[in-house]
Amino acid sequence: MNTQPQERRTHLRFDKIFTVYLSTQDGMMRGIGRNISARGMFIEVRDSLGLGEKLKVTFAGEDGTEMTCLCEVRYQVALAFGRKDGRPGNSRGVGLRIVAYETMDDAPLLLVDRERVMH
């Protein structure tokens, strides 16, 4: 019997730390992207976001180019841990599903082919 957990993700994931900007109904905040795939991403954030909330995530390249996608909050993660110096630490993040990509400021969003997710 195989006791190893089975990988359920079907899309290749890009695991790299990168800065993103999140636009919500309440304003704008900065986040740290931890990984991204064709259908979603995990973003480390300072403030919590509501499940199901829609937001825009903008990636800014070093050359000044930007890409924005419309996302939906699928889950939240909060971690508490001990630091090397003995002080407590914590981290918070959200799992986002990519719903659409903006192609240009004056163009409609390009919708992503969505798979139905059952929980």
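Keep in mind the model is a prediction, meaning the values are calculated, not measured. (Residues numbered from 1 in each chain as written. Predicted model: local features only at pLDDT ≥ 70, side-chain atom pairs only at ≥ 80, totals over all residues. Heavy atoms only, no water.)

K.L.:
Would you take a moment to explain the confidence of the model for the protein for this structure?
P.N.:
It should be kept in mind that the predicted coordinates are not to be read in detail where pLDDT is low. The predicted model of the protein has a mean per-residue pLDDT of 80, with 73% of residues at 70 or higher. This model gives residues 114–119 a pLDDT under 50, and the stretch forms nine contacts once residues within four places in sequence are excluded. (pLDDT = per-residue confidence, 0-100. Contact = heavy atoms within 4.5 Å.)

K.L.:
What is the right way to read the environment of Val73 from this model?
P.N.:
Inspection of the secondary structure puts Val73 in strand β5 (residues 66–82). When the C-alpha atoms of Val73 and Gly50 are compared, they prove to be 6.9 Å apart, with 23 residues separating the residues in sequence. Setting aside anything within four residues of it in sequence, one finds Val73 in contact with Leu49, Gly50, Leu51, Gly52, Glu53, Leu55, Val94, Gly95 and Leu96. (Helix = DSSP H or I, 4+ residues; strand = E, 2+ residues; numbered from the N terminus.)

K.L.:
For this particular structure, what's the right way to read the pattern of salt bridges?
P.N.:
Close approach of charged atoms allows side chains with opposite charge to pair. Under the criterion given, the structure shown has five salt bridges. Of the charged contacts in the structure, one is a salt bridge between Arg34 and Glu44, with a shortest N-O distance of 3.0 Å. A residue pair is termed long-range when its members are at least 10 positions apart, and Arg34 in strand β2 (residues 27–36) and Glu44 in strand β3 (residues 40–44) qualify at 10 residues. For Arg34, a relative accessible area of 27% translates into the label partly exposed. Classification of Glu44 by relative accessible area gives partly exposed; the value is 25%. (Salt bridge = Lys/Arg side-chain N within 4 Å of Asp/Glu carboxyl O. Buried < 20%, exposed > 50% of the residue type's maximum accessible area, 1.4 Å probe, protein only.)

K.L.:
Is there a simple way to think about the pairing of strand β6 (residues 88–102) in this case?
P.N.:
One face of the sheet, then the other: side chains in a regular strand alternate in exactly this way. Two elements, β3 and β6, share five bridges in a ladder whose sense is antiparallel. Counterpart to Gly40 in the pairing with β6 is Arg97. Alignment of β5 against β6, held across 14 bridges, turns out to be antiparallel. Its bridge partner being in β6, Val73 is matched across the sheet by Leu96. Between the end of β5 and the start of β6, which pair antiparallel, lie five residues, with Gly86 showing a positive phi angle near 90 degrees. (Pairing = 2+ DSSP bridges.)

K.L.:
Please clarify how the packing of aromatic side chains should be interpreted in this entry.
P.N.:
Each aromatic ring pair is characterised by the separation of its centres together with the angle its planes make. Counted by the stated rule, this structure contains two aromatic pairs. Here the aromatic rings of Phe42 and Tyr75 are separated by 6.4 Å at their centres, their planes lie at 20 degrees, and the arrangement is stacked. Of the two residues, Phe42 sits in strand β3 while Tyr75 sits in strand β5, which places them 33 residues apart along the sequence. When its relative accessible area of 18% is taken as the criterion, Phe42 is described as buried. (Phe/Tyr/Trp six-rings, centres within 6.5 Å; stacked < 30°, edge-to-face > 60°.)

K.L.:
Could you clarify how one ought to interpret the side chain of Glu72 in this entry?
P.N.:
Secondary-structure assignment places Glu72 in strand β5. Its relative accessible area of 11% is what places Glu72 among the buried residues. Within the local environment of Glu72, its side chain forms a polar contact with the side chain of Lys54, the two groups lying 3.2 Å apart. The residues contacting Glu72, other than those within four sequence positions of it, are Gly52, Glu53, Lys54, Gly95, Leu96, Arg97 and Val99. (Polar contact = N/O pair within 3.5 Å; in protein donor to acceptor, adjacent residues only side chain to side chain.)

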